[in-house]
Amino acid sequence: HYGYVVVNTFPHDANAFTEGLVYDGGFLYESTGLLGNSTLRRVDLSTGTVLKEIVLPEQYFGEGIAVVNGTIVQLTWQSHVGFVYDRNSFALLRNFNYPTEGWGLTYNGKNLIMSDGSDTLFFIDPLNFQRIGQIHVHDGNSSIFDINELEFVNGEVYANIWHQQKIIVINPETGAVRAWIDLNGLRSSTASSGEDVLNGIAFDKESGRIFVTGKDW
């Protein structure tokens, strides 16, 4: 069980309903949700300025994202459709389908790892987007449900749990939870108790920094 130390705080669009977060090449890439208001964004870390943005068609609720080589892969919530964009231009390259809801997404250097709000993580081939494996996430004998946004950090999967101010650290081979990170108190006590929950983890591989945010933070 871990606590936390805040090293720095950066501006963030308080209207960004954060569903996916990645740090790559000196920028944050962010997927925001809500029907009619879902986006894919490139964000300047130091200022919070949105440098590039596309708005998804209004029938799609944006969810997790992952950077895979020169592309960005984005899930949607209940449409069973994912999108692949050029990382630089945000041009849509293709779409793909999956049978469950789409929640969180990350990339381990070989395969995509996806959550759907259940207690299962799915491994997906980034070339044909077919499922190639899955693991059941558990802490001892207890299953962990509502697994949301994901990040691959030094060989482990970090995951938000919907409506909890905690991050779990998952062994990607066994699904066992190795650690809990308690982030209670991270946001001001004036925050509402609605859906503006902790969600969004990004890892800077070069410096070892871990960024976290939440929906409408």
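Residues numbered from 1 in each chain as written. Predicted model: local features only at pLDDT ≥ 70, side-chain atom pairs only at ≥ 80, totals over all residues. Heavy atoms only, no water.

Visitor: Looking at this structure, I do not really get the layout of surface pockets. What am I missing?
Guide: Empty space left among the atoms is revealed by rolling a probe the size of a water molecule over them. A volume near 960 Å³ is recorded for the largest pocket. For the largest pocket, the lining is made up of 31 residues, of which Asn8, Leu186, Ile210, Phe211 and Val212 are closest to its centre. Secondary structure elements with two or more residues in the lining of the largest pocket: strand 17 (166-170), strand 18 (177-182) and strand 20 (210-214). In terms of residue count, strand 20 provides more of the lining of the largest pocket than any other element does, four residues in total. Looking at side-chain class alone, the lining of the largest pocket contains 23 nonpolar, five polar and three charged residues. In this structure, the second largest pocket encloses a volume near 430 Å³. Along the walls of the second largest pocket sit 23 residues, with Val22, Tyr23, Asp24, Phe203 and Lys205 positioned nearest its centre. Going through the elements one at a time, strand 1 (18-24), strand 5 (62-68), strand 9 (105-107) and strand 15 (147-153) are the ones with two or more residues in the lining of the second largest pocket. Residue contributions to the lining of the second largest pocket peak at four residues, all from strand 5. A per-class count over the lining of the second largest pocket returns 11 nonpolar, seven polar and five charged. (1 Å grid on protein atoms, 1.4 Å probe; cavity = no way out; pocket = protein on both sides within 12 Å on 5 of 7 lines; lining within 4 Å. Points joined across faces, edges and corners; volume = space filled by probe spheres on them. Helix = DSSP H or I, 4+ residues; strand = E, 2+ residues; numbered from the N terminus. Nonpolar A, V, L, I, M, F, W, Y, C, P; charged D, E, K, R; others polar.)

Visitor: Is there a simple way to explain the packing of aromatic side chains in this structure?
Guide: Between two aromatic rings, the relevant description is the distance of the centres plus the angle of the planes. Scanning the entire structure with this criterion turns up 10 aromatic pairs. Relative to Phe61, the ring of Phe17 lies with its centre 6.4 Å away and its plane at 80°, an arrangement referred to as edge-to-face. Placement of the pair is Phe17 in the segment before strand 1 and Phe61 in the loop between strand 4 (50-55) and strand 5, with a sequence separation of 44 residues. Comparing Phe17 with Phe61 shows no difference in burial state: the two are buried. Between Phe83 and Tyr85, the aromatic rings sit 6.2 Å apart at their centres with planes inclined by 45°, giving tilted as the arrangement. The exposure class of Phe83 is buried, given its relative accessible area of 7%. Its relative accessible area of 4% is what places Tyr85 among the buried residues. Here the aromatic cluster, defined as three or more aromatic residues joined through ring pairs, consists of Phe10, Tyr23 and Phe211. Lying over the aromatic face of Phe90, Lys52 brings its terminal NZ or CZ to 6.0 Å of the ring centre. (Phe/Tyr/Trp six-rings, centres within 6.5 Å; stacked < 30°, edge-to-face > 60°. Buried < 20%, exposed > 50% of the residue type's maximum accessible area, 1.4 Å probe, protein only. Lys NZ or Arg CZ within 6 Å of the ring centre and 35° of its normal.)

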